[in-house]
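Chain by chain, the residues run as shown.
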Amino acid sequence: MSPAAVTAMQQGLQSCETCHLLSRPAPGVEEGRCPRCDEELVFRKPDSIQRTWAYLIGAAICYIPANLLPVLTTTTATGKDSDTILQGVILLWSPTGWPLSLIVLFASIMIPSAKIVALVYLLISVQRGSVKNNAQRIRLYRMVEFIGRWSMVDVFVDTFTAALIQLQPLMSVEPAPGLLFFAAVVVLTMLAVESFDPRLIWDATSAKEVSI
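Summarised in this report is the structure supplied together with it. (Residues numbered from 1 in each chain as written. Predicted model: local features only at pLDDT ≥ 70, side-chain atom pairs only at ≥ 80, totals over all residues. Heavy atoms only, no water.)

Let us now look at the environment of Ala 204. In this structure, Ala 204 sits in helix H7 (residues 200-211). Each C-alpha atom of the pair Ala 204 and Val 126 lies 7.7 Å from the other, and the pair is 78 residues apart in sequence. (Helix = DSSP H or I, 4+ residues; strand = E, 2+ residues; numbered from the N terminus.)

See the structure below:
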């Protein structure tokens, strides 16, 4: 095996998840603390695959009621009207409101489902010991990690709408159960991303090179 193929783990080096400093634990100690930020260092996140699967399954279960149940209930003089996320996208679609409609569509429907599918693919490929497209899988993980913070857009929009539109007794807006399930989807997918250790993607390649 060429020196360029030796991994940091094989050399006893640990990368800090907080400040990204690469360091070596003290002699006789398997895992230590980061000398820069004092964060606990581990070669691999413990039970990464199991915890990621658990969060991901929970997110997939909550995703169904998040899209089927109403997220907002509007009360007017004519009665109450409840809207799901998709109904909200349709109602927002207009010559002037289509940009907001697209934002809600991507942030509330397409991005959460894409995150779930991407994480399932990463987990299955790691568990199968795949050695193909490692760089592409790392980019996919980084992309999922980056866009995860924007998944709360719809929750913020609905919360601000419920807080601002309070013209009782003429009109009022209240959150509905679907909003809680959607927030759960966002939180669980973010926890799944944080639980997944992207270094596992390279372990199969390192093991294969060592065996050769």
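Following both chains from N to C, one finds helix H1 (residues 48-68) and helix H3 (residues 98-127) inclined at 150 degrees, their axes separated by 11 Å at the closest point. As summarised for this structure, H1 and H3 are arranged roughly antiparallel, according to the angle between their axes. Our pair here, H1 against H3, has a crossing hand that is left-handed. Of H3, the residues touching H1 (which contributes Ile 49, Thr 52, Trp 53, Leu 56, Ala 59, Ala 60, Tyr 63 and Asn 67) are Ile 109, Pro 112, Ser 113, Ile 116, Leu 119, Val 120, Leu 123, Ile 124, Val 126 and Gln 127. Residue composition of the contact of H1 with H3, grouped by class: 14 nonpolar, four polar and no charged. (Axes fitted to C-alpha atoms, helices over the stretch in contact; angles between N-to-C directions. Parallel < 35°, antiparallel > 145°, perpendicular 65-115°, else oblique. Left-handed = near helix turned anticlockwise from the far one by under 90°. Contact = heavy atoms within 4.5 Å. Nonpolar A, V, L, I, M, F, W, Y, C, P; charged D, E, K, R; others polar.)

Contact geometry for H1 and helix H6 (residues 177-195): axes closest at 8 Å, N-to-C directions at 160 degrees. Between H1 and H6, the angle is such that the two are roughly antiparallel. Of the two possible hands of crossing, H1 and H6 adopt the one that is left-handed. Of H6, the residues touching H1 (which contributes Ser 48, Arg 51, Thr 52, Tyr 55, Leu 56, Gly 58, Ala 59, Cys 62, Tyr 63, Pro 65 and Ala 66) are Gly 178, Phe 181, Phe 182, Ala 184, Val 185, Leu 188, Thr 189, Leu 191, Ala 192 and Ser 195. Residues that form the contact of H1 with H6 fall into these classes: 14 nonpolar, six polar and one charged.

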